[in-house]
Structure formats: C-alpha cells, structure tokens
Amino acid sequence: IVGSLLIFLLLSEVGLITQYTMSVKLQSSDDTEVEVERSVAEMSVTIKNMLEDLEGVAEAAITLPNVTGKILLKVIEYCKHHLEHPTPVNEEKKDEKRTDDILPWDLEFCKVDQATLFELILAANYLDIKPLLDLTCKTVANMIKGKTPEEIRKTFNIKNDFTPEEEEQVRKENEWCEER
Amino acid sequence: RRMGSEGLSKQQIKAKRLSSLGSFHVLDDDDVLEVLEWLDAKSLLQMSLVSHVFHLFAEEDDQLWKPLCVRQWTKGKFADFTFKGSWKRTCLLPKDKKVDRPIPRLKISDFYSPLLYTRWYRRNTPIEWFKPSEIAQVDKRSKLSLQQFIDEYEKPNKPVVITDAMDNWKAKKEWKMESFMAKYADTYFKTNGSNDEGHCYRLKFKDYVAYMRGSLDEKPIYLFDNKFLERAPSMVDEYEVPKYFKEDLFDHMTDEDRPDYRWFLAGPPRSGSPLHQDPHRTSAWNALIEGRKRWILYPPETIPPGVDEDLIDSEYYASPDVIRWFIEVYPHLKDGQRPMEVVQEPGELIFVPSGWWHQVLNLTETIAVTQNFCSPRNFKYVYGDLRSRKQSSLRRQFHAATYPVYPHLYQAYETALKDKDDSESESESFSSSVESTDDTDD
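In this text, all values refer to a predicted model and were calculated from it rather than measured experimentally.

Caption draft 1: Inspection of the sheet that holds strand E14 (residues 357-362) of chain B at higher detail. Residue and element names in this part refer to chain B. Ordered in space as E9-E14-E11-E12, the 4 strands form an open sheet in which the pairing is antiparallel. The open sheet has two free edges, formed respectively by strand E9 (272-276) and strand E12 (340-344), since each of these has just one partner strand. Direction aside, neighbouring strands of the sheet carry axes that sit 15° apart on average. Bridging between strand E11 (residues 293-298) and E12 involves 5 bridges; their strand directions are antiparallel. Counted as the bridge partner of Arg-294 is Val-343 from E12.

Right under this line is the structure:
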C-alpha cells in the first residue's frame, strides 16, 4: 500500500493524474479564456455539474456561450472575493426578502452601468450562482424603491403605453386598496 | 393576455417588450418576476402603473402578492388573513373591509407572454378532463374480512379501495364544510402554506373556507393538520381506525416519540399532493368523507415518469406539481409507463401499501382523514428503512418499544437478512431460500 501511495504522489506531482484538477479553464462567448481555481469555479452550480461530467478528462475547459468575457471576469471577481470572505450563514433561515442588508463590498461591486447589471443577472441565472442572483436582483429592486412610476420610467427608459383611461382605472383600484 | 399568441408576430412582441420593459427587456419574463419578488407592496403598486407589461407582471398574484400577504398577516405560526378574491386585495385591504367591486382587468392586446399564459392555463384548465383510463384500475371491494384483506392485498403489497369501512362513522354526517363552520369557525388548523421561516402556518377554519372558495391558485393551499385532535377534541369520537389497520406497531411508542401519523385533510378542487412515497415506508389509509379524489399510483420499485431521480433523496416531492404532471406527463405516457388509477368517492377508503408512489388531485372540495402505520406485514420495509437512515434515535426508540411485543418479527427479519447475505456471497449454494416467517396472523 505504501508503495502504491508513493507512486501515486509521484505521478500527481508530474501532473499525469489529472483527476484532481486544481484549476479550470473557462472560455467566454467572445473567446476570452480565463484560468481559475476549481473551488472558485464551483461556486457556479452549472459549472460544478459540467465538471462532474468531465471527471478524469485532462485539461478540462468549459465553454460558456452565454457569457461575454467582460461579464465572466466580473463573475469571477465576485466568486473569488466571496470564497475568501464567506458570509456567515444565517441560522434563522428567514426569507424576508430584505434589500437593506447589502454588504459594502457587494454594493461597490454593483456600481456598474445598467446594461452590465442586467447582464450579471442573466449570467448569475445561467451559471446558477444564487448569492450573485440575489444580490443583483436586490440592487435593481433598490433602484425601484421609493420612486414614482414616472421616475421609474426615466431610470429604465420605459415608455408609458397606458391610455389615460387605463391609467385612471389602475390608479383608482390601487388607491381603493390602500385606503383605510 | 388570455388567448394564445395568434395575431402577434415575434417582432411585435419583441418591440412591445423593448418599449414597455426598457432596460429590463434583456431579461426573460421569469427573471423580471425574480426582481419584482424583492419589492415591498408599495413599490409593487407603483410598478403596476409604469407600463403595460410591468402592469401584467406586477399583478402576478400567486408569485408576488401571496408572499407579501403572508408576511403582512402572519405572526409566527398563526395567519389571520380573510381572503378577498385575490392575494393582492387580501394583502392590502383592512381585515374586515367589505369587497363591493369586481377586480378590474386591463385588456392588453399587443403583448403575449408564454409564461403568463402557461400559468393562466394551469389555473383554469378544467380538471374533469383528466379522465382516468379504464386499464389498471384499483380494485373496489366491500365485505372484506381482516384475513382476506391481509391475504389479497396487504401481504402482496397491493392497493385497494374499501367501500364500506366508514359505514359506522359519525364523521360521515358530521364532517361537512357547513357543520365545521358552525362548530370550528374560529379554530386554527394547520395548512401547508409556509411563512418566511419555512414553517406551515395555521388559519381559522372560516378564513380557510374564504380562501378555498375565493381563490384561483395554481397550487391551492391545503388544510393539512397532524394535530387536529388537539385543536378539535370532539373529532376523536367521530371516526375510528378500521379493523384492517388497528394493529400499528408505532402505537407502542409515545405520541411525543413516534413520527407524525394522522392528518385531517381539507382542500378545494385543483389542490392535491404530487407524486411521493410516504415516510419510513409506512403504509397508509385515506378515508374520504366528502368530495372526490383522483389517484395515481406507481409500485415501489419504479421511478415514475416525471420524477427527478437526482432529487429523490433530498426532496420530499421530487416531481412536478399535480396539474403540471397531468398536463405535461400524463398525455405522453407509453404503454409500459401507465399508473394504476382510481377515482375515490365519498365513503370510500383507499389503502396505499408500503413504498407505493402516489399522487392525489382533489376534483371537488374534499374532506378526508388519513393515517400511516406499521403492521406485522410491512414491518420488514419499515424497519429496513429505519435501519438504513441516520435517524438512529428513532430506530432505537422503535426497537425498544416494539421488540418486547414482537420479537418474532425481528428474528424473522434477521434470518431473512442473513439468508440474503449468504446467498449473495456464496456462488454455489443449494440451500433453498427460507421463507421469511413474518405472517403472524393475529
């Protein structure tokens, strides 16, 4: 047993046993290639599942046709940081959908233009990274909260396609619901 | 919104999304709803005034307004909302506000969303269409003796509907929606709706009936109470465990130690339970007092169509919701994949044997009572399950409580286990298999 263990160690040093790949190559839709530690990549459930299917294959490279290079780098930045600074798990398991509890680093991370923010939502969904999806959705929700409909339209470049009668009907129903 | 996408081209829909959703147009419909899930009630009301498409999304009652309503009206395990025609109105209006106007609906003819349409379809498609096939029906029997039941159904682990097991029950007369309203209107019963902490909340019976008769949810909330005798003690005299199921090994454990074993069930049409196997491979009986239930059954050794094999160990319900299963899976079943089926009528009781997969759809308002049990016949499955799981405390308690009374069952189990090991490890063995002697017919 000791003999075979020694041989195993020797071979893995030489890199001939790629079963335990420590890093993964990720390729974006526009051919950007990034090498990341396996543990970082596996924060994406999608990538984790793909890696399980590629177990034992040398030089595992994962193509992500739905993610551009720019977004991929942002996602990796998020995963790296959160791997190094894990958020303490909330024992209470409450799902109150609060949006006022975003951590400072995450707030900074989300200070990007709208297009990038929405692309991050799509990427977080496709890559199945729940904390990133929650963060980006919360960020957009915070851009909505406290605004009037007209302010919301301005923020997101939305056309008001209601007729005056339609708008009046909805307004009346909402007001009736809110009255005490 | 309600019709299909006839008359609207892809370009038209795309253009509408672009103008009506603005920057959000790059997201899929369900992503937009994900974002809206994070809004409070006030902000969601604002969204319904932003544009046509946001209006439609912000009015998504089930996904958006139901959680807000539960959050607003639930304290811990007690929910105190009185349903007012929609989750939105239930959330926002004062509790006792009289609703004197219909819910206004906008007609938006230049937009189509497959997601919204699919949900509308599942909420509204008539469920009487799902007619059970004539093949592989569950037997309906009456005048069965205990021994006949054991020999013909329990030992072979085969389901059966017994049509005369409830004949003497007071419940047949007493357990109607109207008499419950009279007796238990203000009693809190547990539902299968969950609050933010993931716990099932309780509703007053009258509030549950208001919900049941006023709502059109895709997956209606079920009244599903495992402690109903605590809440309504007089119910204990109104039903009794039928003779076929009186011998339950778990009875030797205390109520605190034994797993949940009896439930009172009430639900509207379209409610039900997706395909699942009962815990610990216990067998179950379900006595239907009012209404009609449509059952789908698959034997223990199968993985029924629609069930996600990867989820079986982690999720109790590893299969789609009932309506989705009937719409998406049932019409495409090939000959070898068909289930056993039956429509259970009032006064009928169904026996669901150990390990059988089952799915229930309530075709009407229903009231039922159900219990799970371990008998000498299914002992080998139940004890086998307890041994295989990490819950050693339950297994030890079960063993301590039942071994003194049923040592022969344990011995037979060990013998069968040993024989199985022997025959598996020995390649040459001509010892005839010893019949497991678990037929102690008491």
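That covers the picture; the talk isn't over yet.
Caption draft 2: Broad picture of the nonpolar core. Residues and elements named next belong to chain B. Counting 122 residues, the largest nonpolar core has Phe-24, Leu-36, Trp-65, Phe-149, Trp-175 and Phe-264 as its most contacted members. Sequence-distant contacts of Trp-175, defined by excluding residues within four places in its chain, comprise Phe-180, Met-235, Glu-238, Tyr-239, Phe-264, Ile-289, Glu-290, Ile-367 and Val-369. Of all hydrophobic cores here, the second largest spans 17 residues; its members include Val-322, Tyr-330, Leu-333 and Val-343.

Caption draft 3: Geometry of the interface of chain B and chain A. Each side of the interface is counted separately: chain B has 45 residues, and chain A has 45 residues. Looking at the side of chain B facing chain A, the largest losses of area belong to Trp-38, Leu-49 and Val-50 of chain B, adding up to 20% of the total buried there. Scanning the region where chain B abuts chain A turns up 6 salt bridges. Put simply, Lys-16 of chain B and Asp-161 of chain A hold a salt bridge, and the shortest N to O gap is 3.1 Å. Across the contact surface, chain B and chain A share 17 residue pairs in polar contact (both at pLDDT 80 or more). Every element with two or more residues in the side of chain B that touches chain A is listed here: helix H1 (10-21), helix H2 (29-36), helix H3 (41-47), helix H4 (52-58) and helix H6 (87-92) of chain B. Residue composition of the side of chain B that touches chain A, by class: 18 nonpolar, 10 polar and 17 charged.

Caption draft 4: Examining the side chain of Asn-378 of chain B more closely. All names here are of chain B. By the element assignment, Asn-378 lies in the loop between strand E15 (366-373) and helix H14 (379-388). Using a relative accessible area of 2% as the deciding quantity, one classes Asn-378 as buried. Among the polar contacts listed, one links the side chain of Asn-378 to the side chain of Ser-283, at a separation of 2.7 Å. With residues near it in sequence (within four places) discarded, Asn-378 still touches Arg-281, Thr-282, Ser-283, Ser-354 and Phe-373.

Caption draft 5: Broad picture of the pattern of salt bridges. This model, assessed by the stated rule, comprises 47 salt bridges over all chains. With its nearest N and O atoms 3.0 Å apart, the salt bridge here joins Glu-173 of chain A to Arg-89 of chain B. Of this pair, Glu-173 of chain A sits in helix H9 (residues 164-178) while Arg-89 of chain B sits in helix H6, on two different chains. There is no split in this pair, since Glu-173 of chain A and Arg-89 of chain B are both buried.

About the cut-offs
- Residues numbered from 1 in each chain as written.
- Chains lettered and ligands numbered in written order.
- Predicted model: local features only at pLDDT ≥ 70, side-chain atom pairs only at ≥ 80, totals over all residues.
- Heavy atoms only, no water.
- Pairing = 2+ DSSP bridges.
- Helix = DSSP H or I, 4+ residues; strand = E, 2+ residues; numbered from the N terminus.
- Axes fitted to C-alpha atoms, helices over the stretch in contact; angles between N-to-C directions.
- Core = buried A, V, L, I, M, F, W, Y, C linked by side-chain atoms within 4.5 Å.
- Buried < 20%, exposed > 50% of the residue type's maximum accessible area, 1.4 Å probe, protein only.
- Contact = heavy atoms within 4.5 Å.
- Buried area = accessible area lost by both parts, 1.4 Å probe.
- Salt bridge = Lys/Arg side-chain N within 4 Å of Asp/Glu carboxyl O.
- Polar contact = N/O pair within 3.5 Å; in protein donor to acceptor, adjacent residues only side chain to side chain.
- Nonpolar A, V, L, I, M, F, W, Y, C, P; charged D, E, K, R; others polar.

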